[in-house]
Amino acid sequence: PTTYRDPLLSLHPLRADSLRRILERTRANDPQKPDWPAEAPSSLAVYTMNGIPGWQHSLLIPTLKTGKIIRVPLSADGSRVAGDTLTYFRAPVRY
């Protein structure tokens, strides 16, 4: 049997009414383009090595929208988030 588990992390979830407003403005070609704090993750890597000090046991999430890498520190067994979400390399590039 499958057992449900909450996600380790959510990146900027929005309420339904906010998403509905964005959709309505987009469909109406509103001159003020709707935007929201989305990251647009392009992939996910589990970093377990010790080559970068302090990064062992981390999730690395490169983003398309903001051109940065998000690092999520994990517990040694990888079962929970063990610290603050950190951001690196913000740039106008896409990973």
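Refer to the structure above for everything that follows.
All of these numbers come straight from a predicted model, not from anything done at the bench.

1. Some words on the packing of aromatic side chains
In this structure the tally under the stated criterion is two aromatic pairs. Ring pairing ties together the aromatic residues Trp55, Tyr88 and Phe89, which thus form one cluster.

2. Re the nonpolar core
Among the nonpolar cores identified, the biggest contains five residues, and these are Leu59, Ile61, Ile70, Val72 and Leu74. Within the residue set of this core, elements represented by two or more residues are strand 2 (58-62) and strand 3 (69-73). Among residues more than four places away in sequence, those in contact with Val72 are Leu9, His57, Ser58, Leu59, Ile61, Val81 and Thr85.

3. Some remarks on the sheet that holds strand 4 (residues 86-88)
Spatial strand order, 1-2-3-4: four strands in an open sheet with antiparallel pairing. Strand pairing shows two members of the sheet lacking a second neighbour, strand 1 (45-47) and strand 4, which therefore form its edges. Across the sheet, the mean angle from the axis of one strand to that of its neighbour is 30°, orientation sign disregarded. The pairing of strand 2 with strand 3 spans five bridges and is antiparallel. Residue Leu59 lies in a different strand from strand 3, and its bridge partner there is Val72.

4. Points about the pairing of strand 3
Counting buried positions along strand 3 yields five of five residues, so the element is predominantly enclosed. Covered by surrounding structure in strand 3 are Ile69, Arg71 and Pro73 together with Ile70 and Val72, the residues of both alternating faces.

5. Focus on helix 1 (residues 16-27)
Compared with an ideal rise of 1.5 Å per residue, which puts twelve residues at 16 Å, helix 1 spans 16 Å between its outermost C-alpha atoms and is within 8% of the ideal. One or two steps after helix 1, the chain reaches Asn29, where phi turns positive at roughly 55°.

6. Looking at the side chain of Ser58
With respect to the helices and strands, Ser58 occurs in strand 2. Looking at Ser58, its side chain comes within polar contact range of the side chain of Arg71, at 3.0 Å. The contact partners of Ser58, leaving out residues within four places of it in the chain, are Ala45, Val46, Tyr47, Arg71, Val72, Pro73 and Leu74.

Rules of the game
- Residues numbered from 1 in each chain as written.
- Predicted model: local features only at pLDDT ≥ 70, side-chain atom pairs only at ≥ 80, totals over all residues.
- Heavy atoms only, no water.
- Phe/Tyr/Trp six-rings, centres within 6.5 Å; stacked < 30°, edge-to-face > 60°.
- Core = buried A, V, L, I, M, F, W, Y, C linked by side-chain atoms within 4.5 Å.
- Buried < 20%, exposed > 50% of the residue type's maximum accessible area, 1.4 Å probe, protein only.
- Helix = DSSP H or I, 4+ residues; strand = E, 2+ residues; numbered from the N terminus.
- Contact = heavy atoms within 4.5 Å.
- Pairing = 2+ DSSP bridges.
- Axes fitted to C-alpha atoms, helices over the stretch in contact; angles between N-to-C directions.
- Expected span 1.5 Å × (residues − 1).
- Polar contact = N/O pair within 3.5 Å; in protein donor to acceptor, adjacent residues only side chain to side chain.

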